[in-house]
Amino acid sequence: MRVVRRRRGTRGRRAAGAPGTAGVPRAVRVLLGCLPGLAAVAALVLCAHGVENAAGTGARPAGHRPAATPYTAPRPRIVPRSRWLGDAARTQPRPRYDDRVAAVFVHHTDSPGGYDCADAPRILRDLYTGQTGIRDWDDIGYNFVVDRCGTIYEGRAGGVEKAVTGAHTQGFNHRTTGIAALGTFTAGTPVPRAMIHAIAALSAWKLGLTGTDPRARVRLVSSNGLSRYAAGTAAELPALAGHNDGYMTSCPGAALHARLPEIRRLAARLQGRPAGPQQSHSRRAAS
C-alpha cells in the first residue's frame, strides 16, 4: 500500500512541477511535447536543402577574373660590399631609404676600362676612397657596380633588396637605383656582352620588385634645380634611364647609352613580359 501511495505522490509532484502546463488540455500538452522533435525534423530538412543548393552553386562556372601576372625576375648573384671593401670601410651615417624603387639610372665610372676582372675589387676600393675622401661623401654613390666580366658588386650600404637612397643622379636620387658600369664607354668603345646582360638582369630584378616594366616611362619629381629639371618638376623619364636623361652629363658614355634600348628589352624578357610595346606606364609621380 505504501508503494502505491509513493507512486501516486511522485506522479502528483511531477505534474505540479511541470511549468506552464497546469490546466492545459491533454491534446495541447501532447503537441507541446512533440515540438522538440518537430524542430529537429525541420532542421534536417533545411540542412539538406542548404547542402543541395551549395552543391548546385559550386557547379556553376566561376565569374572572377584571373589574377594579373606578376612580372618579376630572379635576383642575380651580387658580391657583398664586405668582400671588396674590407678594412677600408670608414665610419659613416646610417643609410637612408625610400619607400620603393621606381627607376634605374645607368652610369659609367669614367675610369680605365682595360682592367683584369680580378682587379675589380681594388678599383672599387679606389673609387670608394675618392668619393668618401676627396669628395667627402658619406659612402660610395652608386648602389651597384658591374665589371666587364658581368660580376655585380654591392655598392652603397643599406641592403641590396631595399630602396636605399643613393648619391648618383643629381635631382633624382630618391626612389631610384644607380648602376655603374666599371670603365669608360665613350663613343666607339665596345660594351662587353657580359656587362650588358648583368645590367639587364639587375635592372629586371630591382624594377620587378615594384612591378615596373623596364621599357616603360615613369614620372619622377626633381629634388634639385641642378638637374635637367627645376626642383619640384615632375619629369617623365625612362624607367631604365641613362645618367644624362636626368642630369647634364656625358655619363654613361655614348656607347653605353646607345645600348640602353637593348638592355630594356632584355630586362623585360627576363621579367617574363611579352615582346612588343611597353606593357605599363606609371603615372604616379615619385618624389
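A brief look at the structure comes next. (Residues numbered from 1 in each chain as written. Predicted model: local features only at pLDDT ≥ 70, side-chain atom pairs only at ≥ 80, totals over all residues. Heavy atoms only, no water.)

Packing of helix α5 (residues 193-208) against helix α8 (residues 260-270) leaves a shortest axis separation of 8 Å and a crossing angle of 55°. With respect to α8, the element α5 is oriented oblique. Note that α5 runs across α8; the crossing there is right-handed. The residues of α8 that touch α5, namely those facing R193, I196, H197, I199, A200, A201 and A204, are E262, I263, L266, A267 and L270. Its residues assigned to classes, the contact of α5 with α8 shows nine nonpolar, one polar and two charged. (Axes fitted to C-alpha atoms, helices over the stretch in contact; angles between N-to-C directions. Helix = DSSP H or I, 4+ residues; strand = E, 2+ residues; numbered from the N terminus. Parallel < 35°, antiparallel > 145°, perpendicular 65-115°, else oblique. Left-handed = near helix turned anticlockwise from the far one by under 90°. Contact = heavy atoms within 4.5 Å. Nonpolar A, V, L, I, M, F, W, Y, C, P; charged D, E, K, R; others polar.)

Turning to unusual backbone geometry, a few remarks are in order. Omega for the bond connecting C251 with P252 falls within 30 degrees of zero, at 15°, which places this linkage in the cis form. Structurally, P252 is set in the loop between α6 (243-246) and α7 (254-257). Positive phi, normally seen in glycine, also occurs at D110, with a value near 55°. With respect to the element layout, D110 can be found in the loop between β2 (103-108) and α4 (120-134). We note that D136 has phi near 60°; this positive angle belongs to a residue other than glycine. For D136, the location among the structural elements is in the loop between α4 and β3 (144-146).

A covalent bond bridging the sulfur atoms of two cysteines is what the word disulfide describes. Tallied over the full model, the rule gives one disulfide. In this model, C117 is linked to C149 through a disulfide, with the two sulfur atoms separated by 1.9 Å. Judged by the sign of its S-S torsion, about 90°, the cystine formed by C117 and C149 is right-handed. Placement of the pair is C117 in the loop between β2 and α4 and C149 in the loop between β3 and β4 (152-154), with a sequence separation of 32 residues. (Disulfide = S-S within 2.5 Å.)

Inspection of every chain in the model, using the stated rule, returns three aromatic pairs. Here a set of aromatic residues connected by ring pairs shows up, and it is made of F105, F172 and Y229. Stacked on the ring of Y115, the Lys or Arg R148 has its end atom at 5.9 Å from the ring centre. Positioned above the aromatic ring of W205 is the side chain of K206, whose terminal nitrogen or guanidinium carbon lies 5.3 Å from the ring centre. (Phe/Tyr/Trp six-rings, centres within 6.5 Å; stacked < 30°, edge-to-face > 60°. Lys NZ or Arg CZ within 6 Å of the ring centre and 35° of its normal.)

Compared with the 22 Å implied by 1.5 Å per residue over 16 residues, the 22 Å span of α5 between its first and last C-alpha is a close match. Looking at α5, one finds that the buried residues are M195, I196, A198, I199, A200, L202, S203, A204, W205, K206, L207 and G208. (Expected span 1.5 Å × (residues − 1). Buried < 20%, exposed > 50% of the residue type's maximum accessible area, 1.4 Å probe, protein only.)

Within the secondary structure layout, S222 lies in the loop between β6 (217-221) and β7 (234-238). In terms of polar contacts, S222 uses its side chain to reach the backbone carbonyl oxygen of Y229, at 3.1 Å. Dropping the residues within four chain positions of it, S222 is found in contact with G171, F172, S227, Y229, A230, A231, G232 and T233. (Polar contact = N/O pair within 3.5 Å; in protein donor to acceptor, adjacent residues only side chain to side chain.)

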